[in-house]
Amino acid sequence: MKKFIAICCLSLHFPILHAQRENTDSLRKILANPPSDSAAVFALAKLSAFYSYVDPDTALFYAEEAIQKSRTIKYTYGEILGHLGKAEALDRVGEYGAALNMCHKSLRLAQNNNDHKESALAAIYQMISHLNSMNNNDSLSVKLLHTAIQHYRNSGDQPLDVSYCFYQLAFFFMKLDRIDSALYYMNKGGNRSTLADFLKNPVPFLISGNIYLYGTDSLSMAKYYFLQGMEKSKQLETPFLTCIFYTSYGETLLHHKFSIDSGIYYLRESLAISQKYRYKLFELHAASLFAYVYEYERRNTDSALKYVKMVGDVNQDIFNTSKAKQFDMMGYEEEKRQRELEVAQNEFRQRNRQYLLGGGLIAFLVIAFILLFNNRRKQKLNTILRQQKEKTEKTLDELKATQSQLIQSEKMASLGSLTAGIAHEIQNPLNFVNNFSEVNAELLDEMKTAIAKNNLQDVSELAAEIGINGEKILFHGKRADDIVKSMLQHSRIGTGQKEPADINALADEYLRLAFHGIRARDKSFNADLKIEFDPNIGKINIVAQDIGRVLLNLYNNAFYAVSAKSSAKALARAEAREVTGNKTNLSAADAVAEKKNADPDFKPQVILKTEKKAGNVLITVKDNGNGIPEKLIEKIFQPFFTTK
């Protein structure tokens, strides 16, 4: 828990939070009748900073107002504050890439602006430090935090801001289990603030609670500090802080078996707040804890599965691949430019190699022609020819190596697209293994009781049941093992060696993996899978990796086609309802949809069939999607042709 809470709390900016809670009404009065345009911008920025902890959507509204007004009056510092306010609001809802983009916009403006430059840079680096910590770049995070402290001091040594930077460092070292360093920076932060400010601040109570919980194992003191911090966060009326303390206190009660019911209550409150305000990281943690509780404490499989699904959905929303790429692109723009330059250079060299190859072939023809008519220069021309041949062979070797790398990259990309399907396929046999293992454990307990009672008949029956369950465990364990081996075989660099393989099993396995993969990306997608296998085929000699990739591409195309047609149906229905002006008139909507060539009764279907014909094996993949347009039919067998 300490790592989770530490990461979340690195973004708290208590000085702004506490000050703004007491002054929101006065700020709104300023907006109603501002003494100056810059005063209105300051009021908007401060309201955005406050509402980032209360209502992120409201915070984004005030930040955007500050940006637009600042641009109108050409007030650069106000625009910096607006972008920084948007970064803080986006951070609260887990949009870390977009938040980092806002920070970079602020940073570019601040570096070229002398108005409040040092304090602006300090706040920006403090925020970028937090975002890098969320991206697990801890070393850069600490470095940026020290940079922020230096800028705060250059701006006039803002005591509360510097104090909070030290609190952030304390959280960071607590995350790394370095309790002594955490205490050092906590004391350093407390020494730079007044006693009144310290007592109003719930953050030291959160640090203290975690230190007592994990550094000294003093559970009573940890509970005391969590409860005190909880009360202070309620006084501040900030859902973000309250959510942190509910999560901390609830998990403490659960893991240390103080009170399971009370722990569930606080976690439920935390989950409700996080879902209301879109605090995705808290929602993820609370759902994980509920999955644990209902699996191991309450033995409620349905509830456990419900929260496991919630964990998967929220985790995908926060940490999906596209967001991770967005964050990396925002954080390393210079590196991106370097990579683009390198790609351009490689393309230039590739073109030169192609020109060289073409020139070599032309030279070869010219030399051959000259040799026919000029025997006296044979020796000299042969030397030139040999040199050109060596260059050509070298170029061909490089092209073959590049081709091999591209093939391996394609294989790994296809394996990545199957990740969700693999996880689903492996989970099924693992569930059987776990369930039968639990049943065997219970049967063994019953056997021990029967042995103690010398009831040999019950012992014999129980032993037989255990044996049957053991066979089932072995079967499903081998099933999971086969799936893993198949994927390892798929990702391995191929030798092109043909080996005997069950084509029916291979085709079926890739079909299900592709189907579950697209289902993981689009929960609403469904299709009827119809399989017709010829049982007389047996094993045939093939390169399983290559055939698997071909089948995977065919399946993906089929699912894409039926999905596109299904989407067209839904879109046509929606447009038809809008035309009819009656959302409940489905018959009229379907009539309009039919005019738009969208079958209202369309049900996606993919058919997989294998059959043996005249010593050959025919694999057919058929779908009822839109099909290939006539104008593209003649091009589909052209190498490298694609519409995407």
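What this report covers is the structure whose coordinates are included nearby. (Residues numbered from 1 in each chain as written. Predicted model: local features only at pLDDT ≥ 70, side-chain atom pairs only at ≥ 80, totals over all residues. Heavy atoms only, no water.)

## Points about the packing of aromatic side chains
For any two aromatic rings, the description comes down to two numbers: the centre-to-centre distance and the angle of the planes.
Here is step 1 of the chain: Counted under the stated rule, the structure contains 13 aromatic pairs.
Here is step 2 of the chain: Aromatic pair Phe42 and Tyr77: ring centres 5.9 Å apart, planes at 55°, arrangement tilted. Linking Phe42 in helix 3 (residues 37-51) with Tyr77 in helix 5 (residues 76-92), this pair joins segments that are 35 residues apart in sequence.
Here is step 3 of the chain: Judged by centre distance (5.3 Å) and plane angle (75°), the ring pair of Tyr224 and Tyr225 falls under edge-to-face.
Here is step 4 of the chain: Residue Tyr225 is classed as buried on the basis of its relative accessible area of 18%.
Here is step 5 of the chain: These aromatic residues form a ring-pair network of at least three members: Tyr246, Tyr249, Tyr265 and Tyr266. (Phe/Tyr/Trp six-rings, centres within 6.5 Å; stacked < 30°, edge-to-face > 60°. Helix = DSSP H or I, 4+ residues; strand = E, 2+ residues; numbered from the N terminus. Buried < 20%, exposed > 50% of the residue type's maximum accessible area, 1.4 Å probe, protein only.)

## Quick word on the nonpolar core
Here is step 1 of the chain: With 41 residues, the main nonpolar core has Leu169, Ile207, Ile211 and Phe226 as its most contacted residues.
Here is step 2 of the chain: Counting only elements with at least two residues in this core, the list comes to helix 8 (138-154), helix 9 (159-175), helix 10 (179-191), helix 12 (203-214), helix 13 (219-236), helix 14 (239-255) and helix 15 (260-277).
Here is step 3 of the chain: In terms of residue count, helix 9 provides more of this core than any other element does, 11 residues in total.
Here is step 4 of the chain: Core analysis: the second largest hydrophobic core is formed by 27 residues, Ala45, Tyr75, Ala110 and Leu144 among them. (Core = buried A, V, L, I, M, F, W, Y, C linked by side-chain atoms within 4.5 Å.)

## Looking at helix 6 (residues 96-111)
Here is step 1 of the chain: Spanning 16 residues, helix 6 covers 22 Å between terminal C-alpha atoms, matching the ideal 22 Å at 1.5 Å per step.
Here is step 2 of the chain: Among all positions in helix 6, only Tyr96, Gly97, Ala99, Leu100, Asn101, Met102, Cys103, His104, Ser106, Leu107 and Ala110 are buried. (Expected span 1.5 Å × (residues − 1).)

## Some remarks on unusual backbone geometry
In terms of backbone geometry, most residues other than glycine have negative phi values and most peptide bonds are trans.
Here is step 1 of the chain: The backbone of Lys74 shows a phi angle near 55°, a positive value even though the residue is not glycine.
Here is step 2 of the chain: Inspection of the secondary structure puts Lys74 in the loop between helix 4 (56-73) and helix 5.
Here is step 3 of the chain: A positive phi angle, close to 60°, is found at Asn454, a residue other than glycine.
Here is step 4 of the chain: Considering the arrangement of structural elements, one finds Asn454 in the loop between helix 21 (419-452) and helix 22 (456-491).

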